[in-house]
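These are the residues of each chain, in order.
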Amino acid sequence: MLTDDDEIAEKVWSLHNCGRSRTGEWYAHYLVGGNHRMTEWQAAILMVQLQRADELHAKRQRNAAYLNSLLRELDIVEPLPDDERVTEHAYHLFIFRYFPERMGNVPKGKFIEALRAEGIPVSPGYKPLYREPAFSKEALDWHPYARHCDYRKVRCPVTERVCDHEAIWLTQNVLLGEPEDMEDIARAIRKVRDHYRELLA
């Protein structure tokens, strides 16, 4: 698409890219958009990588199982429970739960900063979907199917607690490391736990 209108260009880019903005916060969604962004070049690379899909999937499974076993030994975090119906996990993300009350109420943000300082690439994860700018009344007014919605009234207390205070993420590529890398993650959590009072100063 070609246009000389910056506003139209931004809106179209956002609509094809999950409602994100070229200039705003990376993960914020400003419009209700689609996921129509794969390029031909990316598709070509992915077609070749599909030949390794089973091998990489198996490695993520092994490392996730090992990391889960290591996290179960720690008292301030725990892995997510497995549903008995699940036979394999895709592990787009590896999420574990942090218990701030077991560590002097150190906020999740400070805990994450401390883990990052130890070289562990953790993330705070998503915020509740209804807090995204795309679901504000102003953003939905133009949308033909959603203009009647008003998410200002939505409250999901468990979701908010988990997103704001407990959920911590590792991206799937971390699970493509070696068992020693999983041990480094557990070691860093243990170190932060043992020195948590320094985070309260």
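In this text the structure is predicted, and so the values were computed from the model without any measurement.

Caption draft 1: Structural detail: the confidence of the model for the protein. In this model, the protein carries a mean pLDDT of 91, and residues with pLDDT of at least 70 account for 100%. The secondary-structure element of the protein with the lowest mean pLDDT is helix H5 (residues 137–140), recorded at 79, while helix H7 (residues 179–194) shows the highest, at 98.

Caption draft 2: Broad picture of the state of the cysteines. Under the definition given, this model contains zero disulfides. Counting only cysteine sulfurs, Cys163 is the nearest neighbor of Cys18, a cysteine outside any disulfide, at a range of 17 Å. Here Cys149 stays free of any disulfide, with the sulfur of Cys156 as its closest cysteine sulfur at 14 Å.

Caption draft 3: Region of interest: the layout of surface pockets. If you add up the space inside the largest pocket, you get close to 380 Å³. Forming the boundary of the second largest pocket are 18 residues, of which Asn68, Leu80, Asp82, His89 and Tyr91 lie nearest the centre. Those elements that place two or more of their residues in the lining of the second largest pocket are helix H3 (53–71) and strand E2 (93–98). A per-class count over the lining of the second largest pocket returns ten nonpolar, four polar and four charged.

Caption draft 4: Representation of the sheet that holds E2. With respect to topology, three strands assemble into an open sheet ordered E1-E2-E3, the strand pairing being antiparallel. Two strands lie at the open edges of the sheet, namely strand E1 (77–79) and strand E3 (167–171), each paired on one side alone. If you compare each strand with its neighbour and ignore which way they point, the axes differ by 35 degrees on average. Note: E1 against E2, three bridges, orientation antiparallel. The residue bridging Glu78 from the neighbouring strand is Arg97, located in E2.

Caption draft 5: Seen up close, a nonpolar patch on the surface. A contiguous nonpolar surface patch, about 290 Å² in accessible area, is contributed by Met1, Ile8 and Val12. Within the fold, Val12 resides in helix H1 (residues 6–16). Owing to a relative accessible area of 31%, Val12 belongs among the partly exposed residues under this scheme.

Caption draft 6: How the structure looks around the side chain of Glu132. As for its placement among the helices and strands, Glu132 is situated in the loop between helix H4 (108–117) and H5. In this structure, Glu132 is buried with no salt-bridge partner, the nearest side chain bearing the opposite charge being Lys127 at 4.3 Å. Not counting residues up to four positions away in its chain, the partners in contact with Glu132 are Tyr27, Ala28, His29 and Lys127.

Caption draft 7: Structural context of H1. For H1, the N-terminal capping position is held by Asp5, with its side-chain oxygen 2.9 Å away from the main-chain nitrogen of Glu7. In the stretch just after H1, Cys18 is the one whose phi turns positive, near 60 degrees.

Caption draft 8: The packing of aromatic side chains, seen in detail. For the coordinates displayed, the defined rule picks out four aromatic pairs. Seen from their ring centres, Tyr126 and Trp169 are 4.3 Å apart, and the 85 degrees between their planes marks the pair as edge-to-face. Remark: Trp169 occurs in strand E3 and Tyr126 occurs in the loop between H4 and H5; sequence separation between them is 43 residues. With a centroid separation of 5.1 Å and an interplanar angle of 80 degrees, the aromatic rings of Phe135 and Tyr151 are classed as edge-to-face. Highlighted residues: Phe135 in the loop between H4 and H5 and Tyr151 in the loop between H5 and helix H6 (157–166), separated in sequence by 16 residues. The residue whose ring lies beneath Arg102 is Phe99, and the NZ or CZ to ring-centre distance is 3.7 Å.

Reading guide: rules and limits
Residues numbered from 1 in each chain as written. Predicted model: local features only at pLDDT ≥ 70, side-chain atom pairs only at ≥ 80, totals over all residues. Heavy atoms only, no water. pLDDT = per-residue confidence, 0-100. Helix = DSSP H or I, 4+ residues; strand = E, 2+ residues; numbered from the N terminus. Disulfide = S-S within 2.5 Å. 1 Å grid on protein atoms, 1.4 Å probe; cavity = no way out; pocket = protein on both sides within 12 Å on 5 of 7 lines; lining within 4 Å. Points joined across faces, edges and corners; volume = space filled by probe spheres on them. Nonpolar A, V, L, I, M, F, W, Y, C, P; charged D, E, K, R; others polar. Pairing = 2+ DSSP bridges. Axes fitted to C-alpha atoms, helices over the stretch in contact; angles between N-to-C directions. Patch = residues over 30% accessible without salt bridge, like charges linked within 9 Å, V, L, I, M, F, W, Y side chains within 5 Å. Areas by Shrake-Rupley, 256 points an atom, 1.4 Å probe, with all protein chains shown as cover. Salt bridge = Lys/Arg side-chain N within 4 Å of Asp/Glu carboxyl O. Buried < 20%, exposed > 50% of the residue type's maximum accessible area, 1.4 Å probe, protein only. Lys, Arg positive; Asp, Glu negative; His and termini not counted. Contact = heavy atoms within 4.5 Å. Polar contact = N/O pair within 3.5 Å; in protein donor to acceptor, adjacent residues only side chain to side chain. Phe/Tyr/Trp six-rings, centres within 6.5 Å; stacked < 30°, edge-to-face > 60°. Lys NZ or Arg CZ within 6 Å of the ring centre and 35° of its normal.

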